[in-house]
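# Geometric and topological summary
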Amino acid sequence: MLQDTINIKVNTTTKSRISEVNWEDLPFGKVFADHMLLMEYKDGQWQDAEIVPFGEIGFHPATSAIHYGQSIFEGLKAYKNQDGEVRIFRPDMNAKRFIESCERMCMPIIPEQLFVECVRKLVEVDQNWIPDREGYSLYIRPFMFATDEFVGIRPSETYKFMIFTCPVGSYYSEPVRVKIEETYTRAAEGGVGRAKAAGNYGASLFPARKGQAEGFHQMLWTDAKTHEYIEESGTMNVMFVINGKLVTPSEESDTILRGITKRSVIDVAKHWGMEVEERKVSVKEIVEGIRNGSVTECFGAGTAATIAHIIKMGYRDEVLDLNPVENRPFSMKMSQYLDDLKAGKEQDVFGWTLKV
Ligand SMILES: *Cc1c(COP(=O)(O)O)cnc(C)c1O
């Protein structure tokens, strides 16, 4: 049965921690707002959701998510404009992607409207936690995991859906260095790369640590079969400007996460009249293009950073230098445009923001 409406009970804290926050130093993902949302799935349906004071939850040692990995998440942001208005960027897209992740991982779906309402309500309750400073926002983390207390491999019959939020500053202050990875793999065809499944990230840590030891921030993953084609980065999709066209690996294979930031960049670029190509992008094309100057811009697109300029690219024993950031008119303009749109300084002609 699909449930579209549900009661969200609100039990607010009597002791807000907001006065303890050091807004000058806000490490990403370490400061948590006062409340969280909890919703349980049992007896074949979602039970009423509850917003409660943020805090620990207990676990039975046989909780199946811990053993067998039915665990998925989302990430999105809410912004406050100068007039104090709060807006969430494209929560419907996260709701749709969450449904895809649920289906791939054999987990019960949450209907789009219900997911969006849970996000909206929690943001409303903790809206004081959204800094109205430039570049600041409230990072929202919805997630779901299997809770059957049972040892054995089968889809769980019970789940917890939760959301918490974190006030954050800008994610990457500096341009990033990535390394083209030709040995390890993020996702293989037929696997779960398209789902925002927890295990994908656990599996990436070992190669990422090797790359970090060599001075890179993140991997640039290639296809599992041949390692000849570029796929995406750790938590960002990768985009290029090549001979004046916006180019990005296509999502036809099920190995690439369907990023909302990337989709937004594509839509805005088309709106601006730029030619966009979603296709296979080979390592060879990029390496040669950086050398001969046809690749003029390269960036990661993701909720955390919006646009993260890629400044160096490791390829085998070489480190390729890309154009200085000030010589990247497209990505600088896009970054500013999306920031302004989210901050409410730019008119939302696409209807992408949800007012809380
Ligand atoms: C979340 C994520 C992205 C970016 O998606 P957005 O919706 O733009 O935040 C890209 N790649 C991977 C692997 C991700 O997990």
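Look a little higher up for the structure.
In every chain, residue numbers begin from 1 and rise along the written sequence. Where totals are concerned, whole chains, interfaces and linings use all residues; where local detail is concerned, this predicted model gives features only for residues with pLDDT of at least 70, and gives and counts side-chain atom pairs only at 80 or more. To get the side-chain values, take all heavy atoms of the structure and skip hydrogens and water.

A run of H or I in DSSP becomes a helix once it reaches four residues, and a run of E becomes a strand once it reaches two; helices and strands are each numbered from the N terminus. Turning to its location among the elements, Thr 63 is positioned in the loop between β4 (49–53) and α1 (64–68). Among the polar contacts listed, one links the side chain of Thr 63 to the backbone oxygen of His 60, at a separation of 2.6 Å. The contact definition used throughout considers only heavy atoms, calling two residues in contact when any of these lie within 4.5 Å. Contact partners of Thr 63, with chain neighbours within four places excluded, come to Ala 146, Thr 147 and Asp 148. N or O atoms within 3.5 Å of each other form a polar contact, as long as, within protein, one can give a hydrogen and the other can take it, and as long as residues adjacent in sequence are counted only when both atoms are side-chain atoms.

Here we take up the nonpolar core. Generally speaking, soluble globular proteins have nonpolar side chains that are buried together. Ranked by internal contacts, the top residues of the largest apolar core, which has 57 residues, are Leu 37, Met 39, Met 144 and Phe 161. In terms of domain composition, this core takes at least three residues from each of domain 1 (8–169) and domain 2 (176–342). Excluding residues that lie within four positions of it along the chain, Leu 37 makes contacts with Ile 8, Ala 49, Glu 50, Ile 51, Cys 118, Leu 122, Phe 161, Met 162 and Ile 163. Residues Ile 230, Val 281, Val 295 and Tyr 315 belong to the second largest nonpolar core, which totals 23 residues. Only buried residues count toward a nonpolar core, which is a set of Ala, Val, Leu, Ile, Met, Phe, Trp, Tyr and Cys residues joined through side-chain atoms within 4.5 Å. When accessible area is computed with a 1.4 Å probe and restricted to protein chains, residues below 20% of their type maximum are described as buried, those above 50% as exposed, and intermediate ones as partly exposed. Bear in mind that the domain bounds are from an automatic or database domain assignment.

All right, on to the packing of helix α2 (residues 91–104) against helix α3 (residues 112–125) then. Helix-helix packing is described using two parameters, namely the angle between the two axes and the distance between the axes. In this description, a line fitted to the C-alpha atoms serves as the axis of each element, helices being fitted only across the stretch in contact, and the angle between N-to-C directions of two axes falls anywhere from 0 to 180 degrees. For the pair α2 and α3, the least separation of the axes is 9 Å and the interaxial angle reads 125°. Here α2 lies oblique to α3, going by the angle between them. The two elements α2 and α3 cross, and the hand of that crossing is right-handed. Note on element contacts: α3 touches α2 through Glu 112, Phe 115 and Val 116, opposite Pro 91, Asp 92, Asn 94, Ala 95, Lys 96, Phe 98 and Ile 99. Taken together, the residues of the contact of α2 with α3 sort by class into six nonpolar, one polar and three charged. To sort the angles, those under 35 degrees are grouped as roughly parallel, those over 145 as roughly antiparallel, those from 65 to 115 as roughly perpendicular, and the leftovers as oblique. Each crossing gets its handedness from the near helix: less than a right angle anticlockwise from the far helix is left-handed, clockwise is right-handed. Side-chain classes are defined by residue name, with Ala, Val, Leu, Ile, Met, Phe, Trp, Tyr, Cys and Pro counting as nonpolar, Asp, Glu, Lys and Arg as charged, and the others, Gly among them, as polar.

The next thing to look at is the environment of Ala 33. Position of Ala 33 among the secondary structure elements: in the loop between β1 (8–10) and β2 (35–42). In this structure, the C-alpha to C-alpha distance between Ala 33 and Ser 137, residues 104 residues apart in sequence, is 12 Å. If we skip the residues at most four places from it in the chain, Ala 33 touches Arg 17, Phe 54, Asp 126, Trp 129, Thr 165 and Pro 167.

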